[in-house]
Every structure is written in structure tokens, then in C-alpha cells.
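Structure at a glance
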Amino acid sequence: MTIRFSELMLKIELIYDKPPLPGWQDQRRSIHLHSLYWVHEGRGVFTLDGCQFPVGPGTLLYLCPGRELWMLSDTDNPLHMTMILFQAAAVTHTGGIWEVKQLTSLETAEVQTLRGTDQEDCESRIKALRKAWAPGDDGREAAACNLLLRLIRAVSGRRAARGGQERSAAGTDSASIGRSGLLSWEAAKRYLDTHYFADIRLTQVAEDCGISLRQLRRRFLEELGAGPKEYLDKVRYEHALRLLEHTDEPLKRIAAACGYYDEFHFSKCFKKAGGLSPSAYRSANPKREWKGEPREQRDE
């Protein structure tokens, strides 16, 4: 069944910048979702359907629901990659009747090795998508889904080429706004949406907006019903929820990826927001339909 891109509807469940830690290994977890894996840097070996193939910068892997994947990162040149988990459906309108059909696969190559301008274009699109997505914000989630749709369209026509070839973004992106020209509370909100992983100083955010912290808080309360600190807590909580649901990352790594000081701080804030500790939430969550790798294999 051929699906037109104008009929394709996507819902992003998780976008995660996997940190380049030496020798990490992982298994595809949420096999009920569609997945994209993009390798920014490093080397490794993926095993798909019992077949091993090397991956490196420019490798783009698409997996439909139900496929199993094992990933092994090189020790000396560890993989740095972005993983995107999403749902997909086709929405058609015929004879005045709307029909929504969940898709079991997309018409795109399973493994691609991009080079030159194609690699640069995909790298740029992935980074923009990662920056745009803010779970819990309807507008930003919709914008990110649109970017994902454009990414899938851009890579769908390219030929597949199988083989041949700590801190995540939180550690590589600047935690400082600097004098970047923030002019409004909306810009402050965008900064919190995209730098939630950083050590944020709200007084600096307010100063770069050209207003006092009191004024910034008042605008957030008027527009969002929560102050900037409460809003930032919500953003971090939403990202942590999805990492707990769709990955088997250790709690200390999730804490670092979501802007918490340490695992204790993460557990305290998470339980305050949702009533359950991160471990209890992960154990009780029905979406986790897999078992993680033995703990001795992880980098704890």
C-alpha cells in the first residue's frame, strides 16, 4: 500500500541523544514503535535479524515495529547517535469519510549510508528535530512531528547501503545564554524547552530577556499558569518519563540527560511530581515490554 506524505500522521514518543560512552551495548526496547537511529560520530556493530554490519558517521537505520536490534559501540571510538521513536498512521478522506489506519511500516530504506551533502543535510535535520521537540508542549510537539515527516520524505528516495562503513547534548551544548538577544518571555520559554539539560540560572535568563526575574515569573504565570521554575521542572519530568518508558538507561544517566544534579535529586523531584520513584514508575509502566541487558554489562 503506497502512502502519500500528505496522508502520513506521526506522533513522536522519544528523541534521545545517546552519549558516546566507550563499549556500550544496548538492545532495541520499544519494538511496538517505529524507530530511526542516526550515527553522528564513532564506530560500532549492529545486529539485525542475526546479521551483523558495521556502522559509522552517516549511518541511518529505520526499523518498523516488531524488528529486533542489538547495538554495540566501539571502545576506542564510541558511537554518538540520536534515536527517534514514533508512531505512524495514514489519514485518508474519501467520500466524506475519514479513515485512520495504523501503519506497520514506512516505504523507506532500512539501512542507508549517507555521504557528502546528503550526510550534512540529514545531520542538520536531526539536530533541528532534537532541538524542536518538547514533550508536553502541543505546539512544539506538532512542529517536531512536521520536521520528522520532512526528514522521512528527504531520505525515502535514497538508496540503501548496508554495511561498509559522559554527557550527551547536555555536555556539548552551552549552558550559557550569553548575550543572544532574548527579547521576550516566549524566548525564555524556548530556551527552557531546548536547554532543560543544562545548569540553568533563571536570573540570567530574565536578565537576557531584559526584564526582572519577578516580571518573568509574572508573565509565565499569566501565560502558562506556572512560574519558570515550575515550568522547567515539568519539562525535565516529561523528558525523564519517556526515557524511563522507552530505554533501559541507568537512572544516573537519565538524571544527567534531563538536567538533574544527580540520581538522588532526580528521584526526589520525580517522585514529588508524579507520586512514584523513577524505579517504581519504570517497573509499573506497561509500555516496557522487554528485558534489559544484564547489569554487569552496563557501565555502572
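Residues numbered from 1 in each chain as written. Predicted model: local features only at pLDDT ≥ 70, side-chain atom pairs only at ≥ 80, totals over all residues. Heavy atoms only, no water.

Bringing the pattern of salt bridges into the picture now. Per the counting criterion, the structure on display carries 21 salt bridges. Here Arg219 and Glu222 are joined by a salt bridge, their closest N and O atoms 3.6 Å apart. Of this pair, Arg219 and Glu222 both sit in helix α6 (residues 213-224), separated by three residues, roughly a single helical turn. Between Glu223 and Arg219 there is a salt bridge, with its nearest N and O atoms 3.3 Å apart. Here Glu223 pairs with Arg219, and both are found in helix α6, just four residues apart, close to one helical turn. Glu223 sits in the partly exposed class, given a relative accessible area of 42%. Residue Arg219 is classed as partly exposed on the basis of its relative accessible area of 28%. Within this structure, Lys18, Asp26, Arg29, Asp248, Glu249, Arg253 and Arg282 form a network of salt bridges that share partners. (Salt bridge = Lys/Arg side-chain N within 4 Å of Asp/Glu carboxyl O. Helix = DSSP H or I, 4+ residues; strand = E, 2+ residues; numbered from the N terminus. Buried < 20%, exposed > 50% of the residue type's maximum accessible area, 1.4 Å probe, protein only.)

Okay, the pairing of strand β4 (residues 44-48) next. Buried residues dominate β4, accounting for four of its five residues. Here β4 hands over to strand β5 (residues 51-55) after two residues, with Asp49 in that stretch at a positive phi of 55°. By the bridge criterion, five bridges tie β4 to strand β7 (residues 69-73) in an arrangement that is antiparallel. Within β7, the residue paired with Phe46 across the bridge is Met71. (Pairing = 2+ DSSP bridges.)

Turning to the packing of aromatic side chains, a few remarks are in order. Across all of its chains, the model carries eight aromatic pairs by this definition. Both rings, one in Tyr237 and one in Phe270, keep their centres 4.9 Å apart while their planes meet at 45°; by these two values the pair is tilted. Of this pair, Tyr237 sits in helix α7 (residues 228-246) while Phe270 sits in helix α9 (residues 263-274), and the two are 33 residues apart along the sequence. Each member of the pair Tyr237 and Phe270 is classed as buried. When the ring of Tyr260 is compared with that of Phe266, the centres are 5.0 Å apart and the planes differ by 40°; the resulting orientation is tilted. Both residues of the pair, Tyr260 and Phe266, belong to the buried class. A connected cluster of aromatic rings, assembled from ring pairs, spans Tyr237, Tyr260, Phe266, Phe270 and Tyr281. (Phe/Tyr/Trp six-rings, centres within 6.5 Å; stacked < 30°, edge-to-face > 60°.)

Take empty space enclosed by the protein next. Roughly 60 Å³ of internal volume is contained in the largest cavity. Taken together, 13 residues form the lining of the largest cavity, with Asp26, Gln27, Arg29, Met71 and Met83 sitting closest to its centre. Where the lining of the largest cavity is concerned, the elements lending two or more residues are β1 (8-18) and β2 (25-27). Tallied by class, residues from the lining of the largest cavity come to four nonpolar, three polar and six charged. (1 Å grid on protein atoms, 1.4 Å probe; cavity = no way out; pocket = protein on both sides within 12 Å on 5 of 7 lines; lining within 4 Å. Points joined across faces, edges and corners; volume = space filled by probe spheres on them. Nonpolar A, V, L, I, M, F, W, Y, C, P; charged D, E, K, R; others polar.)

The next thing to look at is the packing of helix α4 (residues 185-194) against α7. For the pair α4 and α7, the least separation of the axes is 9 Å and the interaxial angle reads 35°. With respect to the hand of their crossing, α4 and α7 are arranged in right-handed fashion. Contacts from Lys189, Leu192 and Asp193 of α4 reach α7 at Pro228, Tyr231, Leu232 and Val235. Split by residue class, the contact of α4 with α7 holds five nonpolar, no polar and two charged. (Axes fitted to C-alpha atoms, helices over the stretch in contact; angles between N-to-C directions. Left-handed = near helix turned anticlockwise from the far one by under 90°. Contact = heavy atoms within 4.5 Å.)

Further remarks concern α6. Taking 1.5 Å per residue, 12 residues should reach 16 Å; α6 reaches 16 Å between its end C-alpha atoms and fits that length. In the segment just after α6, Gly225 is the residue with positive phi, at about 75°. (Expected span 1.5 Å × (residues − 1).)

Attention shifts here to the sheet that holds β5. Pairing is antiparallel in the open sheet, where four strands are placed in the order β2-β7-β4-β5. A single partner strand is all that each edge strand has here, and the edge strands are β2 and β5. Neighbour-to-neighbour, the strand axes of this sheet turn through a mean angle of 20°, independent of strand direction.

In the predicted model, the chain carries a mean pLDDT of 84, and 85% of its residues have values of at least 70. Mean pLDDT across the elements of the chain ranges from a minimum in helix α3 (residues 169-172), with 35, to a maximum in strand β3 (residues 34-41), with 96. Predicted confidence is poor over residues 159-182, with pLDDT under 50, and the contacts of this stretch with residues over four places away or in other chains come to 61 contacts. (pLDDT = per-residue confidence, 0-100.)

Attention now moves to the environment of Ser73. Relative to the helices and strands, Ser73 is located in strand β7. Judged by its relative accessible area of 4%, Ser73 falls in the buried class. Each C-alpha atom, one on Ser73 and one on Gly44, is 4.3 Å from the other, the two residues being 29 residues apart in sequence. Leave out the neighbours within four places in its chain, and Ser73 touches Leu21, Gly23, Trp24, Arg43, Gly44, Pro78 and Leu79. Here Leu79 takes part through its backbone nitrogen, which lies 2.8 Å from a polar atom of the side chain of Ser73. (Polar contact = N/O pair within 3.5 Å; in protein donor to acceptor, adjacent residues only side chain to side chain.)

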